[in-house]
Each structure stands twice: as C-alpha cells, then as structure tokens.
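The primary structure of each chain is shown beneath.
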Amino acid sequence: MQEYDKFEFDIDGTCLRSYRGNQRKVNVPDGVTSIEYSAFTGSGIEEVVLPASVVTIGYSAFKACSGLAKITIPDGLKVIRDEAFRGCSSLKKIVLPDGLETIGKWAFTGCAALEEVTVPESVTSIGYSAFSDCKGFMEIKINAKINVVEDNVFAGCNNVKIITLPEGITSVGKWAFSDCRELSTINIPDGVTSVGEGAFKDCWSLNNLVLPSTLVEIDKWAFAGCNGMSVLNIPKSVTTMGMCVFTDCSGLEIKCERKKPNSLSKKWSKNWLGNNEIQPKVSWGAKK
C-alpha cells in the first residue's frame, strides 16, 4: 500500500472506507482495491484519479457529488455497484473499461452532464434504471453481452437521438426507453421476443423502427405517445398485444402481417389501439 495521509483517507486493509479531506482533486492511494459504501458521498470533490489496483466501486460511493466533473477509471475495474455515481450532475465524461462486468441499479441516474456512453462487450449485467435521467446523452452504444434490457434503464434520457443495441437481447424491459423524446433511431435486433410495458412511451421523435420477426409480445402502452411514427409493420409472429399500445399515435399507419382474425384472441387486447384523436389506420395481411 502506498503511503497516505491517515486523516484524509480511512483505509481498512485495501478498502477505502471514507474520504475525510477537503481537496478538490483527489488521488486515491495505490493499492486500494475497493471504494466502499458512501466513501465520497456528498463531498465537494471535482476530480478523482483511481489507481490501477481498484476493481470495485461500491454502493453510493460517489453519490450526490454534484461538483464531480472528471474521474479516471482504471482498466482493471470489474464492478460498479448500485447508485455509485447517482446524482453526479457535473460528470461530463466517463470511459467504461473493457473488462467491466457489472453496472448496478441507478449507477449513473441523474448524471445530467454526460453526453454519451459506450457499454463494453465485457459487461454481462446492467441494473434497473442504471442510466435513467441522463438528460445530456446524445448517443448510447451498448456492446454488452446481455440478454435483457432492464426496466427503466435509459428512461428520461430525453436528448438521446441514437441507441444501438447488441445482438443476443431477448427482451426490452418496462419503461426501458420511455420519455426519450429526441430518440429517432433504435435497432431492435432479431431474437427479441417481447417489448415491455411502456418501453418506448413518449418517444415523440421515433420514426425509424423495424420490429424483428422473432417478436411475440408487445405489452401495454409500449409505443404510446410515439406520435412521430408514420408507418409501423407488425410481424405475424406477434400473438400478444396489450391495451393502449398505440395511444396518442394519431395518424399512424399500422401494417399487420397476420391476416385479420374473425375476433381478437384473449391475448390481443380489444383496446390495443388506445385513445387517439385520429385512430391509426390498420391493414391486415400486409407483406414485409
């Protein structure tokens, strides 16, 4: 362990338990492997340099550090716990290293100054609401090997324009991209079987969307408020449709590849179109 000021840093073994100093720029001592629960919470730090030895950033470690604008993340980091950077509203850039495996719930919620994020391929878990309310995001690239886009994960990122999802995803969670008002383009890859409740609700600018032929279920309010869409094809693989999926989508033309049924099944809500000033035009038996 590198020599350090024992008043400034409370370190137990290789775990940094708390920071008690008043410096604006903090260099964490070499040898520390874990930044523990609430170690810097609410402090006045503006820049942090983490040593190569750090592998875990703990629960709420930098939560509410509203002046934190820059942090150097080591290549060996494996885990970012729940709420680690929640409310770091001045954080402008963060580079997530190849080798990172876990991003916890609410890890970056409210980091309003972040403009982009690339989630590396090594990540296998992104928690609930991990990047919600990151209002500065312009582009999101997810290269992670994940099967599920968790609930609320990018909700309220209302300036993001482009989102790139990786192959291998099977479901898009509830409210996952809701209120992403500037989102115009997102790829939903082949293999996705379900789109969750409110997943794209109030994505006003969404106008370039292709649903995969593997899709089976579209839950209630999934595309409610997506009034920028003009045409949407529903693949014939879809057998379950929730209520009010297309509420507030006036003027939308929906092309269903399946033939018009004599009556809708119990899995297909009778009120699937929802409430609209001008109801969407629906054609059945449409070709791809």
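Our subject is the structure listed above.
Here's a quick rundown of the structure. (Residues numbered from 1 in each chain as written. Predicted model: local features only at pLDDT ≥ 70, side-chain atom pairs only at ≥ 80, totals over all residues. Heavy atoms only, no water.)

**Brief notes about the overall build of the chain**
Across its full length, the chain holds 0 helices and 22 strands. Taking the principal axes of its C-alpha atoms as reference, the chain extends roughly 75 × 30 × 25 Å. Here the chain holds 288 residues, and 49% of them are scored as buried. Sequence separation of at least 24 residues holds for 25% of the intrachain contacts in the chain that already meet a minimum separation of 6. Accessible surface for the chain amounts to roughly 13,100 Å². Of this, 46% is attributable to carbon and sulfur atoms. (Helix = DSSP H or I, 4+ residues; strand = E, 2+ residues; numbered from the N terminus. Buried < 20%, exposed > 50% of the residue type's maximum accessible area, 1.4 Å probe, protein only. Contact = heavy atoms within 4.5 Å. Areas by Shrake-Rupley, 256 points an atom, 1.4 Å probe, with all protein chains shown as cover.)

**Quick word on unusual backbone geometry**
Even without being glycine, Trp 175 reaches a positive phi, approximately 55°. Inspection of the secondary structure assignment puts Trp 175 in the loop between strand 15 (171–172) and strand 16 (185–186). You will see that Asp 248, though not glycine, has its phi angle at about 60°, which is positive. Mapped onto the elements of the fold, Asp 248 is located in the loop between strand 20 (240–241) and strand 21 (253–256).

**Some words on the nonpolar core**
In this structure, Phe 62, Phe 85, Phe 108, Phe 131, Phe 200, Phe 223 and Phe 246 are the most contacted members of the largest nonpolar core, which totals 89 residues. Elements that contribute at least two residues to this core include exactly strand 1 (9–12), strand 2 (15–19), strand 10 (116–119), strand 12 (139–142), strand 19 (231–234) and strand 21. Apart from the residues within four sequence positions on either side, Phe 108 is in contact with Ile 80, Phe 85, Ile 94, Leu 96, Ile 103, Leu 114, Ala 130, Phe 131, Ser 132 and Cys 134. (Core = buried A, V, L, I, M, F, W, Y, C linked by side-chain atoms within 4.5 Å.)

**Some remarks on the sheet that holds strand 19**
Strand order in the open sheet formed by 3 strands is 19-21-22, and the pairing between neighbours is parallel. Whereas interior strands pair on both sides, the edge strands pair on one side only; in this sheet they are strand 19 and strand 22 (281–284). Averaged over all neighbouring strand pairs, the angle between strand axes comes to 20°, with direction disregarded. (Pairing = 2+ DSSP bridges. Axes fitted to C-alpha atoms, helices over the stretch in contact; angles between N-to-C directions.)

**Observations regarding the pattern of salt bridges**
Here the structure, examined in full by the defined rule, presents 10 salt bridges. Residues Asp 179 and Arg 181 are paired through a salt bridge, measuring 2.6 Å at the closest nitrogen-oxygen approach. For the salt bridge of Asp 202 with Lys 201, the shortest nitrogen-to-oxygen distance reads 3.1 Å. A residue is classified by how much of its surface remains accessible, and Asp 202, at 23% relative accessible area, is partly exposed. You can call Lys 201 partly exposed: its relative accessible area is 25%. (Salt bridge = Lys/Arg side-chain N within 4 Å of Asp/Glu carboxyl O.)

**Thoughts on the sheet that holds strand 10**
As summarised here, the arrangement of the 4 strands in space is 10-12-14-16, forming an open sheet in which the pairing is parallel. Taken across any chain shown, the strands that pair with only one partner, and hence form the sheet edges, are strand 10 and strand 16. When strand 14 (residues 162–164) meets strand 16, the two strands line up parallel, connected through 2 bridges. By the bridge assignment, Ile 163 is partnered in strand 16 with Ile 186.

**Topic: the environment of Phe 62**
Along the chain, Phe 62 turns up in the loop between strand 6 (56–57) and strand 7 (70–72). In this structure the C-alpha to C-alpha distance between Phe 62 and Glu 83, which are 21 residues apart in sequence, comes to 8.1 Å. Aside from chain neighbours lying at most four places away, what touches Phe 62 is Ile 35, Phe 40, Ile 45, Val 48, Leu 50, Ile 57, Leu 68, Ile 71, Ala 84, Phe 85, Arg 86 and Cys 88.

**Quick look at the packing of aromatic side chains**
Geometrically, a pair of aromatic rings is defined through the distance of the ring centres and the angle of the planes. According to the stated counting rule, one finds 17 aromatic pairs in the structure shown. Plain terms: the ring middles of Phe 85 and Phe 108 are 5.2 Å apart, the flat faces sit at 5° to each other, and that makes the pair stacked. Placement of Phe 85 in the loop between strand 8 (79–80) and strand 9 (102–103) and of Phe 108 in the loop between strand 9 and strand 10 is noted, with a sequence separation of 23 residues between them. Summarising the aromatic geometry, the rings of Phe 246 and Trp 272 are spaced 6.1 Å apart at their centres and angled 80° between planes, so their arrangement reads as edge-to-face. In this pair, Phe 246 is assigned in the loop between strand 20 and strand 21 and Trp 272 in the loop between strand 21 and strand 22, connecting sequence segments 26 residues apart. (Phe/Tyr/Trp six-rings, centres within 6.5 Å; stacked < 30°, edge-to-face > 60°.)

**Regarding the side chain of Thr 56**
Among the structural elements, Thr 56 can be located in strand 6. Judged by relative accessible area, Thr 56 falls into the buried class, the value being 16%. When neighbours within four sequence positions are excluded, Thr 56 is seen to be in contact with Thr 33, Ser 34, Ile 35, Leu 77, Val 79 and Arg 81.

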